[in-house]
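One-letter residues, chain by chain:
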Amino acid sequence: MKSGIQPTTLHDVTKMPFERLALRGDWAQFIGSVPAREQWTALISGPSGTGKSSFCLSLAKELSRFGQVLYVAAEERLKSGTIRIRARLMHVTSRRIWIHDTTSINDVTAELDTGAYAYCLIDSVQELQAPGEETLALKERYPNVSFIFVAQADAAEKRSVGGHKVRHMVDIRIWTEADDDGSRWATNIKNRYAPTMNRFHLYTPPQHTANAQKAHKHKSDYNELKNRIANKGARLWKSGSS
């Protein structure tokens, strides 16, 4: 059965209007020209303790300038105080970021059904009690919501909870890592809206600030980053890899 969709010339495509999200500063360079009124998706992965949740909290703050953000805290309980501590340390606060302390996908869909949210961050897909296909289906069920998924590095490949498939179905893939000086970095591995291998500094322990400034001057190429990650027992996926 035909869909009724007709082809469009490349000339007409280049003339189509496009409104990008007006991200500020480093966010504009790192996340890129993501659409303001269309869905986009991202996967944040990396070994434990490399700053994935910190990155997401900072990203949520920037995105909250444009709409309500649902932050699904599937790994951390609000009563544990860890989210509160991280938010205070990173000076992140917003009345437009809603923290949902749940591992139930039914709780997530109930919130998204309200139509109140423009963005949804799920931290992490491994802890959400749902098959991977059901997690992925969220982006189809809510086309007006942009999704940011978080996955542990090893589980993203080995566990059948969505990480393996998510990395091939998102617009942006970001890898987090810790340098030898203790600083945390995020790196674009795949990005349809910005150059890949663009590094983003998350934070540095106070005693290592000087060393981090030196590290910032050195930009890793893909092979160097791949070798460093491989030495830590994880994998780095390049666009199109299996």
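Here we take up the overall build of the protein. Scanning the protein from terminus to terminus reveals ten helices and eight strands. Buried positions account for 48% of the 242 residues belonging to the protein. Sequence-distant contacts in the protein: of pairs separated by 6 or more residues, those separated by 24 or more amount to 68%. Total accessible area computed for the protein in this model is approximately 13,200 Å², and 51% of it derives from carbon and sulfur atoms.

Moving on: the confidence of the model for the protein. Per-residue confidence for the protein averages 82 on the pLDDT scale, and 79% of its residues sit at or above 70. With pLDDT under 50 throughout, residues 155-162 is counted as low confidence; its partners more than four residues away or in other chains account for 17 contacts. Confidence drops under a pLDDT of 50 for residues 234-242, and excluding neighbours within four residues, the segment shows 29 contacts in the predicted structure.

The next thing to look at is the sheet that holds strand β5 (residues 146-152). The mixed open sheet is built from eight strands, whose spatial order is β3-β2-β4-β5-β1-β6-β7-β8. Here the strands that pair on one side only, and so sit at the sheet edges, are β3 (97-100) and β8 (199-203). Ignoring strand direction, the axes of neighbouring strands in this sheet form an average angle of 20°. Judged from the four bridges that link them, strand β2 (residues 69-73) and β3 form a sheet pairing that is parallel.

The element β2 is extensively covered by neighbouring structure, given that five of its five residues are classed as buried. Burial of the side chains of β2 extends over both faces: V69, Y71 and A73 are buried on one face and L70 and V72 on the other. With respect to chirality, the unit in which β2 leads through helix α4 (residues 82-89) into the neighbouring parallel β3 is right-handed. Direction of pairing for β2 relative to strand β4 (residues 119-123): parallel, over a ladder of five bridges. From the neighbouring strand, Y71 faces β4, where its bridge partner is L121.

Attention now goes to the side chain of S146. Checked against the element boundaries, S146 lands in strand β5. Using a relative accessible area of 3% as the deciding quantity, one classes S146 as buried. In this structure, S146 is in contact with E38, Q39, W40, A118, Y119 and C120, ignoring residues within four places of it in sequence.

Scanning all chains against the criterion turns up ten salt bridges. Between E62 and R24 there is a salt bridge, with the nearest N and O atoms lying 3.2 Å from each other. Of this pair, E62 sits in helix α3 (residues 52-63) while R24 sits in the loop between α1 (10-14) and α2 (25-31), placing them 38 residues apart in sequence. Each member of the salt-bridge network shares a partner with another, and the members are R24, E62 and R65.

So, about α4. Helical geometry note: an α-helix holds 3.6 residues per turn, so side chains three or four residues apart project in the same direction. Along α4, the positions that sit buried rather than exposed are I83, R86 and A87. Considered in projection along α4, the buried side chains sweep an arc of 100° and stay on one side of the axis. Away from its buried face, by an angle of more than 90 degrees, α4 presents the exposed residues R84, R88 and L89. Of the surrounding elements, those touching the buried residues of α4 are α3, β2 and β3. Positive phi appears at H91, one or two residues downstream of α4, with a value of about 55°.

Summed over the entire model, instances satisfying the criterion amount to seven aromatic pairs. Centre to centre, the rings of F30 and F200 are 5.2 Å apart; their planes meet at 45°, and the pair counts as tilted. Here F30, found in helix α2, pairs with F200, found in strand β8; they are 170 residues apart in sequence, far enough to count as distant. The exposure classification of F30 matches that of F200, with both residues buried.

How each quantity is defined
Here the residue numbers are simple positions, counted from 1 along each chain's written sequence. In keeping with the model being predicted, local features are shown solely for residues with a pLDDT of at least 70 and side-chain atom pairs are shown and tallied solely at 80 or more, while totals for entire chains, interfaces and linings include all residues. Each side-chain value is worked out from all heavy atoms of the structure, with water and hydrogens disregarded. What counts as a helix is a DSSP run of H or I of at least four residues, what counts as a strand is a run of E of at least two, and both are numbered from the N terminus. Remark: exposure states derive from per-residue accessible area (1.4 Å probe, protein chains only) relative to the maximum for the residue type, with buried under 20%, exposed over 50%, and partly exposed in between. Here, residues are in contact when the closest pair of their heavy atoms is within 4.5 Å. Per-residue and other accessible areas follow the Shrake-Rupley method at a 1.4 Å probe size, with only the shown protein chains counted as cover for residues. A score between 0 and 100, pLDDT records how confident the predictor is in each residue. When DSSP finds two or more bridges between two strands, those strands count as paired. Note on geometry: axes are lines fitted to C-alpha atoms, helical ones only across the stretch in contact, with angles between N-to-C directions running from 0 to 180 degrees. By the criterion used throughout, a crossover qualifies as right-handed when its path from the first strand across the helix to the second strand runs clockwise, the strands pointing away from the viewer. A pair is scored as a salt bridge if a Lys or Arg side-chain nitrogen falls within 4 Å of a carboxyl oxygen belonging to Asp or Glu. By construction, the arc corresponds to the directions joining the helix axis to the C-beta atoms. Only Phe, Tyr and Trp rings take part, Trp by its six-membered ring, and two of them pair if their centres are within 6.5 Å. Stacked means planes under 30 degrees apart, edge-to-face means over 60, and tilted covers everything else.

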